[in-house]
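Observations on the three-dimensional arrangement
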Amino acid sequence: MAKGISKKELKKEKIPRVAMPEQDPEKRSGNFNEVTLGYTEEDALREASRCIQCKNPKCIKGCPVEIDIKEFIKLIREKKFDEALEKIREKNGLPAICGRVCPQEDQCEKECILGIKDDPVAIGRLERYVADREMRHIAEGIKKCAWSKVTKKCTKEKVAVIGSGPAGLVCAAELAKMGYRATIFEALHKPGGVLVYGIPEFRLPKEIVLKEIEYVKSLGVKIEVNMVIGKILTIDDLFKNGFKAIFVSTGAGLPYFMGIPGENLNGVYSANEYLTRSNLMKAYKFPECDTPIVKGLRVAVIGGGNVALDSARTAKRLGAEKVYLIYRRSEEEMPARDEEIEHAREEGIEFQLLANPVEIAGRNGWVNKIRCIRMKLGEPDDSGRRRPVPIEGSEFEIEIDVAVMAIGQGPNPLLASSVPDLNLTRWGNIKAEAVTGKTNIRGVFAGGDIVTGAATVILAMGAGKSAAAAIDEYIRTGIW
Amino acid sequence: MYKIIKKEKLTEDIDRFYIKAPLIAEKAKPGQFAVIRINEEGERIPLTIADYDRKNGTISLVSMRVGKTTTLLSGLKQGDSIQDVVGPLGNASEIKNFGKVICIGGGVGIAPVFPITRELKRAGNYIISIIGARSKNLLILKEEMENVSDELYICSDDGSTGYHGFVSGFLKEYLDKDLSGNKDKETSIARVIAIGPAQMMAAVAEVTRSSCIKTIVSLNSVMVDGTGMCGACRVEVNGKTKFVCVDGPEFDAHQVNFNLLLSRQKIYCDDEGVCFDLYKHKCRLPQ
Ligand SMILES: Cc1cc2nc3c(=O)[nH]c(=O)nc-3n(C[C@H](O)[C@H](O)[C@H](O)COP(=O)(O)OP(=O)(O)OC[C@H]3O[C@@H](n4cnc5c(N)ncnc54)[C@H](O)[C@@H]3O)c2cc1C
Ligand code: FES
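Residues numbered from 1 in each chain as written. Chains lettered and ligands numbered in written order. Predicted model: local features only at pLDDT ≥ 70, side-chain atom pairs only at ≥ 80, totals over all residues. Heavy atoms only, no water.

Structural notes on the overall build of chain B
In terms of regular secondary structure, chain B is built from nine helices and 16 strands. With the principal axes as the frame, chain B shows a C-alpha extent of 65 × 40 × 40 Å. Considering only contacts within chain B whose residues lie at least 6 apart along the sequence, 63% involve residues at least 24 apart. As displayed, chain B offers around 12,300 Å² of accessible surface, 49% of which is attributable to carbon and sulfur atoms. Taking the average place of the 38 positive charges on the side chains of chain B and the average place of its 36 negative ones, the gap between the two points comes to 3 Å. (Helix = DSSP H or I, 4+ residues; strand = E, 2+ residues; numbered from the N terminus. Contact = heavy atoms within 4.5 Å. Areas by Shrake-Rupley, 256 points an atom, 1.4 Å probe, with all protein chains shown as cover. Lys, Arg positive; Asp, Glu negative; His and termini not counted. Charge placed at Lys NZ, Arg CZ, Asp CG, Glu CD.)

Observations concerning the overall build of chain A
Within chain A, the regular secondary structure consists of 19 helices and 16 strands. The C-alpha atoms of chain A give 23 Å as radius of gyration, which agrees with the globular expectation for 480 residues (23 Å, within 12%). Seen along its three principal axes, the alpha-carbon backbone of chain A occupies a region of about 65 × 65 × 50 Å. Within chain A, buried positions represent 59% of all 480 residues. In chain A, of all internal contacts separated by at least 6 residues, the share reaching a separation of at least 24 is 69%. Summing over all exposed atoms, chain A offers an accessible surface of approximately 20,300 Å²; the carbon and sulfur share of this is 50%. (Rg over C-alpha atoms; globule rule 2.2 N^0.38 Å. Buried < 20%, exposed > 50% of the residue type's maximum accessible area, 1.4 Å probe, protein only.)

Looking at the sheet that holds strand 13 (residues 215-218) of chain B
Residue and element names in this part refer to chain B. Strand order in the open sheet formed by seven strands is 11-10-9-8-12-13-16, and the pairing between neighbours is mixed. At either margin of the open sheet sits one strand with a lone partner, and together these are strand 11 (163-164) and strand 16 (250-252). Relative to strand 10 (residues 151-156), strand 9 (residues 126-133) runs parallel, the two being bridged by six bridges. Directly across from isoleucine 128, in strand 10, lies its bridge partner glutamate 151. (Pairing = 2+ DSSP bridges.)

A word on the packing of helix 5 (residues 69-77) of chain A against helix 9 (residues 123-139) of chain A
Residues and elements named next belong to chain A. Helix 9 packs onto helix 5 with a crossing angle of 60° between their chain directions and a minimal axis gap of 11 Å. Taken together, the axis directions place helix 5 and helix 9 in an arrangement best described as oblique. At the point where helix 5 passes helix 9, the crossing takes the left-handed sense. Seen from helix 5, the contacting residues are Ile69, Phe72, Ile73 and Ile76; seen from helix 9, they are Ile123, Leu126, Glu127 and Val130. (Axes fitted to C-alpha atoms, helices over the stretch in contact; angles between N-to-C directions. Parallel < 35°, antiparallel > 145°, perpendicular 65-115°, else oblique. Left-handed = near helix turned anticlockwise from the far one by under 90°.)

Some words on the site of ligand 1
Residues and elements named next belong to chain A. Taken together, 36 residues lie near ligand 1, and Val101, Glu186, Arg203, Ile229 and Asp449 sit nearest. The separation between a nitrogen atom of ligand 1 and a polar main-chain atom of valine 101 is 2.5 Å. The contact in question runs from a nitrogen atom of ligand 1 to an N or O atom on the backbone of alanine 187, over 3.1 Å. Relative to its unbound accessible surface of 990 Å², ligand 1 loses 95% to contact with the protein. Those elements that provide at least two residues to the shell around ligand 1 are helix 10 (166-177), helix 15 (306-317) and helix 19 (457-477). Considering every element that reaches the shell around ligand 1, the biggest residue donor is helix 15, with three residues. Residues that form the shell around ligand 1 fall into these classes: 19 nonpolar, 12 polar and five charged. (Near = heavy atom within 4 Å. Polar contact = N/O pair within 3.5 Å; in protein donor to acceptor, adjacent residues only side chain to side chain. Nonpolar A, V, L, I, M, F, W, Y, C, P; charged D, E, K, R; others polar.)

A short note on the interface of chain B and chain A
If you look at the interface, chain B gives 45 residues, while chain A gives 42 residues. A buried area of about 3,500 Å², summed over both sides, lies between chain B and chain A, and 56% of it is on carbon and sulfur atoms. Area buried by chain B at its contact with chain A is led by Met229, Arg234 and Tyr268 of chain B, which between them contribute 19% of it. For the pair chain B and chain A, the number of links is two salt bridges. Between aspartate 290 of chain A and lysine 68 of chain B there is a salt bridge whose closest N-O contact spans 2.7 Å. The interface formed by chain B and chain A holds 20 residue pairs in polar contact (both at pLDDT 80 or more) in total. Residue assignment for the side of chain B that touches chain A shows that the elements contributing at least two residues are helix 1 (22-27), helix 2 (68-74), strand 7 (84-89), strand 14 (234-237), strand 15 (240-243), helix 8 (258-265) and helix 9 (269-283) of chain B. In terms of residue class, the side of chain B that touches chain A is built from 21 nonpolar, 11 polar and 13 charged. (Buried area = accessible area lost by both parts, 1.4 Å probe. Salt bridge = Lys/Arg side-chain N within 4 Å of Asp/Glu carboxyl O.)

As for the nonpolar core
Membership of the largest hydrophobic core comes to 78 residues, with the highest contact counts inside it found for Ile69, Phe72, Ile73, Ile97, Leu126, Leu175 and Ile471 of chain A. If we ignore the near neighbours within four places in the chain, the residues touching leucine 126 of chain A are Tyr39, Ala44, Glu47, Ala48, Phe72, Ile73, Ile76 and Val121 of chain A. (Core = buried A, V, L, I, M, F, W, Y, C linked by side-chain atoms within 4.5 Å.)

What about the pattern of salt bridges?
Residue and element names in this part refer to chain A. Evaluation of the coordinates by the stated rule reveals 54 salt bridges over all chains. Between arginine 125 and glutamate 339 there is a salt bridge; the shortest N-O distance is 3.8 Å. Of this pair, arginine 125 sits in helix 9 while glutamate 339 sits in helix 16 (residues 338-346); the two residues are 214 residues apart in sequence, bridging distant segments of the chain. Each member of the pair, arginine 125 as well as glutamate 339, is classed as buried. The partner of glutamate 340 in a salt bridge is arginine 337, with the nearest N and O atoms 2.5 Å apart. Each of the salt bridges in this network shares a partner with another, and the network as a whole consists of Glu22, Arg28, Arg125, Arg203, Asp310, Arg313, Arg317, Arg337, Glu339, Glu340, Glu346 and Glu347.

Describing the sheet that holds strand 6 (residues 81-82) of chain B
Residue and element names in this part refer to chain B. As summarised here, the arrangement of the seven strands in space is 6-1-2-5-4-3-7, forming an open sheet in which the pairing is antiparallel. The open sheet has two edge strands with one neighbour each: strand 6 and strand 7. Across four bridges, strand 3 (residues 33-37) lies against strand 4 (residues 45-53) in antiparallel orientation. Opposite isoleucine 36, over in strand 4, you have isoleucine 45 as the bridge partner. The strands that helix 3 (residues 110-122) touches are strand 4 and strand 5 (58-64); relative to strand 4, the one it contacts most, it runs at about 40°.

Quick look at the pairing of strand 12 (residues 386-390) of chain A
All names here are of chain A. The pairing of strand 11 (residues 366-380) with strand 12 spans four bridges and is antiparallel. Bridging across to strand 12, methionine 375 finds its partner in proline 390. A loop of five residues connects strand 11 with strand 12, the two strands running antiparallel in sequence, and glycine 384 in this loop sits at a positive phi of about 85°.

Overview of the domain arrangement of chain B
Residues and elements named next belong to chain B. Partitioning chain B into domains gives domain 1 (2-89) and domain 2 (100-218). Taken together, the contacts link 13 residues of domain 1 with 14 residues of domain 2. Buried area between domain 1 and domain 2, both sides added, is near 1,100 Å², and the carbon and sulfur share of it is 68%. At the junction of domain 1 with domain 2, the criterion picks out two salt bridges. (Domains from an automatic or database assignment.)

Points about helix 19 of chain A
The terminal C-alpha atoms of helix 19 of chain A, which comprises 21 residues, lie 30 Å apart, in line with the 30 Å expected from a rise of 1.5 Å per residue. Once helix 19 of chain A finishes, glycine 478 of chain A follows within two positions and takes phi at roughly 75°, a positive value. (Expected span 1.5 Å × (residues − 1).)

Observations regarding the pairing of strand 10 of chain B
All names here are of chain B. Handedness of the crossover joining strand 9 and strand 10 through helix 4 (residues 142-147): right-handed. In the sheet, strand 10 pairs with strand 11 via two bridges, with the strands oriented parallel. Note on strand 11: the bridge partner recorded for cysteine 155 is tyrosine 163. (Right-handed = clockwise from strand over helix to strand, strands pointing away.)

The structure is reproduced here in structure tokens:
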């Protein structure tokens, strides 16, 4: 028995974890609607009752922004749903989003004491429940909008935020709350970063992201789209235009390719392009929307993270009969959220694990085959995961019409290359101080994926929030 | 929203739009491009910034009607607006005094070659311009080009004006003549800049390859974001994958894999047909 838990506490864990209502796999793999439908009030109350309210709650430490999980679950049990949401909002400004996309099984839920013998409390689902409930109540007119429809007027110094992903949105929102005039500059025509162009509708409805962005705007944040900083304006221009500090949150938007033959054939996509076409440009509504996408009947997706699973499941929804997920390690090492792996299996995605592409072959300029080699796991590498090694002579081929490379993204060098003095890591990420996000250039802060490399929504948000506090201090004191 | 201040018809199918975009006009340089999106359902397409007027805060874009998006664009009038215009994107052309430079424009490619030619002329180069089109009535910007060139040659595929044939054919004859009149058997041309359809640029590259004249082309690949985020625009240069939107759009023509460019340009040809047909059907345009 785990230390420090009384028998009485363990006895309480009788109720099984409440399952998430979902769209039927067969039906959902033909549409782009959200897969998970969300708890009912009854589900939420039942699940919340499983929490044993530990004296020393470990879950809170598992949360990158340390939401007071114990307390918000207690409030749910008392049916104080609005208060529960407020409790979450103290630390996390985007609960409807995080409830859906955080890798809870590696964070809060991993630490949950119940998880030792049983399934942990479904913390993420509860978080989502209270956030969705409020949105529903506002839509139905039961509750007044939590924020004023009139945009607040901010009067303090101007701060520029570059990039409108979770890091930028949260940083700007926090700054506006403190009274700063924050302006977000976004390269694309829509704000939201990966939340809009990357993560598909069936996992994160865009309406939710839109509502969060409306909220950020209502705080007084200005968002200027179609502004590629480094091109239309440089960091120096921004300072000259009166911005007192700059937060760089440009994300990890540079797609990596494997460097194997055939990667430039027609029908081979980076996951970024594939997902951007489908999500941001709505290619799944082609030809009503003008952006096309190659809809293969047989699609191979290479990679094992959320990006790969999102691509594979998108392919299925675009009409593919066969979707292969090719990953060089085993399922255990897959960095994707457990729920996505499970959903992908249910939707009939075929997993080709311990396999790695060596060549993409084509005919008349179009991809028609992918050649792979079987792998086995060797010694652990730097990341602590066992290194995959090819098994000689084990090559095999799969016939395909489309291949999507989802093997990772790096920092987009466009902005950094316009600021030659900015210190970067070997991989091109911006070097920034932990917590404050200070770079080596006075007045320039950075956070989110551009600093950490491709990570998570919650970490990006956390970085945005703590940088906002550091920016406030810098502007008030002038001390760098 | 970006307002169309003025629209000019250059030929039956080609229009020039002057668009209010003061920040872009302020920063734009020859060789750079913009990505536009006409409306909420629209796709993002790249168009070269054909010129910019910093004083009036406008940029001009030249577009030829080919697919649905360009047809929609050509339907816009003075006073209408374009939903999104992003720019300036890509790297600017290298402008300095090289000596004698040949500037080649084919079809709508004359539009982007014009500001580069003008700046090269300003930088002190001796400019030989070769511009071509399928036919006389499709030739654009003849006067503009004339004003910034020391020599101007015109070609047409059908022989209705100037040299009867492709710009690449004329270039070959010009270079041969240049060489034969030169006792050192060394070309006097420092650089060639060619912008137009991919086949034309490939043909120009073949002409200049043997004489090793540095030849620059501006590649017109498929694009989505235009910021290096998606890789839709990838091409092969000197055996390596490059992104046209951030590494280009200009590259050394002798290192470009034109076959790959041509092949990748065709990815969505069928889809474009489908989309355009639906549009024509809805708008009752003649099929
Ligand atoms: C397909 C996919 C699925 C994912 N799934 C999950 C998940 O389930 N759970 C999870 O926690 N995380 C997930 N992630 C990771 C997560 O989305 C990122 O870690 C997070 O979005 C990073 O936030 P950010 O604010 O740093 O950057 P981003 O969200 O990448 O936003 C950066 C923004 O900056 C803009 N920009 C870039 N350069 C410039 C410039 N020069 N000028 C102006 N604007 C610029 C970009 O257009 C973009 O909008 C996923 C990522 C992807 C791609
Ligand atoms: S257009 Fe997306 S990377 Fe070039």
